Amino acid sequence: MQALSHFTYHASGGKQLLCDIQGGVYDKAIVLTDPVIMSTDQCFGLTDLGEAGIFNWFSHHKCNEYCSRSWKLPDKAATSSMKKFRAVAHTQMMPLPRKASSRSSLTSTRKHVGTAGPTYERFK
């Protein structure tokens, strides 16, 4: 999820950052919910913290194996001076273990993962 956020910054030319992504792993799909988009012109509502939010996100980000070295990064001086917000645990997407079930194929399990940690629920 960190690399996806980093990629959105790169793909937008450093103008936007998709972050705070939450979601679930389903039987045949991954669903992402509750995104926050931060932008240099703060046009995405109350959760758009602008450049300060973008620089803060990058001040906590550590590139991983999914980030490309060619992807755009903000100026290091800007990110090092912008650590204004406390970091919260990362969103993680992890598949659920397979269980044998006597229920119909319409019944599934999903795992919600977000800043508060994973929760599980059954749904039809």
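In this text the structure is predicted, and so the values were computed from the model without any measurement.

## Let's talk about the overall build of the protein
Stage number 1. When helices and strands are counted, the protein shows three helices and six strands.
Stage number 2. Helices (α) and strands (β) of the protein occur, in sequence order from the N terminus, as α-β-β-β-β-α-α-β-β.
Stage number 3. When burial is assessed residue by residue, the protein has 32% of its 124 residues classed as buried.
Stage number 4. Nonlocal contacts in the protein, meaning residues at least 24 apart in sequence, comprise 46% of its contacts between residues at least 6 apart.
Stage number 5. Surface exposure of the protein reaches about 8500 Å², of which carbon and sulfur atoms provide 55%.

## A few points about the pairing of strand β2 (residues 22-25)
Stage number 1. Of the two faces of β2, the one lined by Q22 and G24 and the one lined by G23 and V25 are each fully buried.
Stage number 2. As paired strands, β2 and strand β3 (residues 30-33) are joined by four bridges and run antiparallel to one another. When the sheet's bridge partners are listed, G23 is paired in β3 with L32.
Stage number 3. Hairpin geometry of β2 and β3 is characterised by an intervening segment of four residues between the two adjacent antiparallel strands.

## Considerations on unusual backbone geometry
Stage number 1. The phi angle at D20 is positive, at roughly 55°, despite the residue not being glycine.
Stage number 2. The exposure class assigned to D20 is partly exposed, which follows from its relative accessible area of 35%.
Stage number 3. Look at D34: it is not a glycine, yet its phi comes out positive at around 50°.
Stage number 4. Within the secondary structure, D34 is located in the loop between β3 and β4 (36-39).
Stage number 5. Exposure remark for D34: the relative accessible area of 48% places this residue in the partly exposed category.

## Brief notes about the environment of H10
Stage number 1. If you trace the backbone, H10 turns up in helix α1 (residues 2-11).
Stage number 2. H10 sits in the partly exposed class, given a relative accessible area of 28%.
Stage number 3. Spatially, the C-alpha atoms of H10 and L73 are 7.3 Å apart, while their sequence positions differ by 63 residues.
Stage number 4. Reaching out from H10, the side chain makes a polar contact with the backbone nitrogen of K72 at a distance of 2.9 Å.

## Description of the side chain of D48
Stage number 1. Position of D48 relative to the elements: it lies in the loop between β4 and α2 (50-60).
Stage number 2. Engagement of the side chain of D48 in a polar contact is seen with the backbone nitrogen of F44, the distance being 3.1 Å.
Stage number 3. For D48, the contacting residues outside a window of four places in its chain are I37, M38, S39, Q42 and C43.

## Some remarks on α1
Stage number 1. If you check which residues of α1 are buried, you get Q2, A3, S5, H6, T8 and Y9.
Stage number 2. Note on α1: the residue one or two positions beyond its end, G13, has a positive phi of about 70°.

## Quick look at the nonpolar core
Stage number 1. Counting residues in each nonpolar core, the largest one holds nine residues, listed as Y9, L17, C19, V36, M38, I54, F55, W57 and F58.
Stage number 2. Residue assignment for this core shows that the elements contributing at least two residues are β1 (16-19), β4 and α2.
Stage number 3. Here this core gets four residues from one element, more than from any other, and that element is α2.

Thresholds applied
The numbers attached to residues start from 1 for each chain and follow its sequence in the written order. At least 70 in pLDDT is required for a residue's local features to be given in this predicted model, at least 80 for side-chain atom pairs to be given and counted, and no such filter applies to totals for whole chains, interfaces and linings, which use all residues. For the side-chain quantities, the full set of heavy atoms in the structure was used; hydrogens and water were omitted. Under the DSSP-based scheme used, a helix requires at least four consecutive residues in state H or I and a strand at least two consecutive residues in state E, with every element numbered from the N terminus. Three exposure classes are used, based on accessible area relative to the maximum for each residue type with a 1.4 Å probe and protein chains only: buried under 20%, partly exposed in between, and exposed over 50%. We call two residues contacting when some pair of their heavy atoms lies within 4.5 Å. In this description, accessible areas are obtained by the Shrake-Rupley approach with a 1.4 Å probe, and a residue is regarded as covered only by the protein chains that are shown. When DSSP finds two or more bridges between a pair of strands, those strands are recorded as paired. Here a polar contact means two N or O atoms within 3.5 Å. Within protein one must be a hydrogen donor candidate and the other an acceptor candidate, and residues neighboring in sequence count only if both atoms are side-chain atoms. We call a set of buried Ala, Val, Leu, Ile, Met, Phe, Trp, Tyr and Cys residues a nonpolar core when their side-chain atoms join them within 4.5 Å.

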